[in-house]
Amino acid sequence: MKNYIKLFFVFLILPFITVAQEQVNDTIVKEKPERSAFESSFLIDNPTNVLFSKNTLEVQMSHRFGELNDDRNDLAGFYGAANIRIGLTYGIHDRLTIGFGTTKNKKYQDFNWKAALLRQTRSDKMPVSVSYYGNFAIDARSKNQGLFLNTEDRYSFFNQLIIARRFNPKLSLQVAPSVSHYNTVERTMRNDMVAIAFGGRYKISPQTSVIVDYSQPLTKMRLNNPQPGISLGVEFGTSAHTFQLFATNYWGILPQENYMFNQKATGLDKKQGSGQYLIGFNITRNYNF
C-alpha cells in the first residue's frame, strides 16, 4: 500500500514540476504544441490525452450490448442485457477538465478530472504528451440489498498517467499505467489493482480511423485473477463529435470496474477458450461556449 501512496504523491506533484519547467522554457523560446494525438477523450475503454479548450462542454454516451453467444437467439447481443453510461465534462482551463457520469451497471455515479502535464511540441523538443486522469465513483445500489455496511464501502477510485505521442498525421499511440482502488472487495481479492494499457489509432481517411485498446492487470488476486481487456474498432470523427464502434471483452464502462472484475477471456490464450465478446459504441459531442 505504501508504494501506491508514493505513486499517487508523484501524480500530485508532477503538475507543479512540469509547469515550472515550461515557464523556464517560455523565457527562451515559445514552442508550438503538436495537435492532439487522438480525436476523442476516450479510446474505447481508456481515457486519452485529449483535453478540449476552456468553456467546452463534452457530452458522452457509452453503450455495451450483450455478449455474442451462439446459444441464444439475441441478434448478436442486441436483445441481451446492456450497460450504458451518460456523462458530461467541462473545460475549466485549457489544461484541466472536470466531469460527472452515471452508469447503469451497479448505478455508478462518477466524478472525474483530467489535467495536461506535458504537451508534445511540433519541434519534438517535448516528444510526448503526458496527462493525468482520475475519478471517484460511488456504487449507488440500494442498501436494502445488504451489500454495504458503511457508506464508504461504496467508494472506488481510479488514477492513471497517460503518455501519448502523435507520430504523424495518421499514427498515434499511448501507454497508460494506472492504479484502481475499491474500499470493499471480496476476501479473495485485493483492494488495489496496478495495471497498464496500450492503445493506438491509425487514420485510413480524413474522418475514419482504425482503433485498438489493450489493458493488462498486473496485481495478482488470491483467486480468480481478472482477465486482460482487448478491443478493436473504427472511429468516425468530425470537428464536433466522434463515433466509435468496436468489439470488446469488457462489459464494464468505468475503468476500475474493468480492471478489477473482468472475467471474460480474450481468446489470445488457447487455454481460455474462444472468449466472450460483445459489441459497443461511444459517442461524444462538443459544445463551445
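Residues numbered from 1 in each chain as written. Predicted model: local features only at pLDDT ≥ 70, side-chain atom pairs only at ≥ 80, totals over all residues. Heavy atoms only, no water.

**Q** Run through the overall build of the protein chain, naming residues and quoting values.
**A** When you go through the protein chain residue by residue, the secondary structure sums to two helices and 14 strands. The 289 residues of the protein chain split such that 45% are buried. Look at the contacts in the protein chain between residues 6 or more apart in sequence, and 58% of them connect residues 24 or more apart. (Helix = DSSP H or I, 4+ residues; strand = E, 2+ residues; numbered from the N terminus. Buried < 20%, exposed > 50% of the residue type's maximum accessible area, 1.4 Å probe, protein only. Contact = heavy atoms within 4.5 Å.)

**Q** Help me get a handle on the packing of aromatic side chains, residues and values and all.
**A** Tallied over the entire structure, the rule returns 11 aromatic pairs. Here the aromatic rings of Phe 42 and Tyr 133 are separated by 6.1 Å at their centres, their planes lie at 80 degrees, and the arrangement is edge-to-face. Here Phe 42 is found in strand β1 (residues 42-43), whereas its partner Tyr 133 is found in strand β7 (residues 129-139), with 91 residues between them in sequence. Given the relative accessible area of 3%, Tyr 133 is considered buried. Here the aromatic residues Phe 100, Phe 111, Phe 136, Tyr 155 and Phe 157 are joined through ring pairs into a cluster of three or more. Its guanidinium or amino end placed over the ring of Phe 261, Lys 106 lies 4.2 Å from that ring's centre, counting from NZ or CZ. Looking at Arg 165, its charged tip hangs above the ring of Phe 167, at a distance of 5.1 Å from the centre. (Phe/Tyr/Trp six-rings, centres within 6.5 Å; stacked < 30°, edge-to-face > 60°. Lys NZ or Arg CZ within 6 Å of the ring centre and 35° of its normal.)

**Q** Quick rundown of the pattern of salt bridges? Include the residues and the values.
**A** What the rule picks out here adds up to eight salt bridges. The residue Asp 139 makes a salt bridge to Arg 141 at a minimum N-O spacing of 2.7 Å. Between Glu 235 and Arg 201 there is a salt bridge, with its nearest N and O atoms 3.9 Å apart. Here Glu 235 is found in strand β12 (residues 229-237), whereas its partner Arg 201 is found in strand β10 (residues 192-205), with 34 residues between them in sequence. The two residues Glu 235 and Arg 201 agree in class, both being buried. Bridged by salt links that share partners, the residues Glu 39, Arg 201 and Glu 235 form one connected network. (Salt bridge = Lys/Arg side-chain N within 4 Å of Asp/Glu carboxyl O.)

**Q** An account of the environment of Arg 190 is requested, with residue identities and associated values reported.
**A** Note on placement: Arg 190 falls in the loop between β9 (171-182) and β10. A residue is classified by how much of its surface remains accessible, and Arg 190, at 36% relative accessible area, is partly exposed. It is 6.0 Å that separates the C-alpha atoms of Arg 190 and Met 221, two residues lying 31 residues apart in sequence. With residues up to four places along the chain from it excluded, the contact list for Arg 190 reads Val 185, Thr 219, Lys 220, Met 221, Arg 222 and Met 260. Of the polar contacts made by the side chain of Arg 190, one reaches the backbone oxygen of Lys 220; its length is 2.8 Å. (Polar contact = N/O pair within 3.5 Å; in protein donor to acceptor, adjacent residues only side chain to side chain.)

**Q** Pulling in residues and values, what's your account of the side chain of Asn 286?
**A** With respect to the helices, strands and loops of the structure, Asn 286 is situated in strand β14 (residues 278-288). Given a relative accessible area of 12%, Asn 286 falls into the buried group. Look past the residues within four positions of Asn 286 in its chain and what remains in contact with it is Phe 52, Thr 56, Leu 57, Glu 58 and Ala 240.

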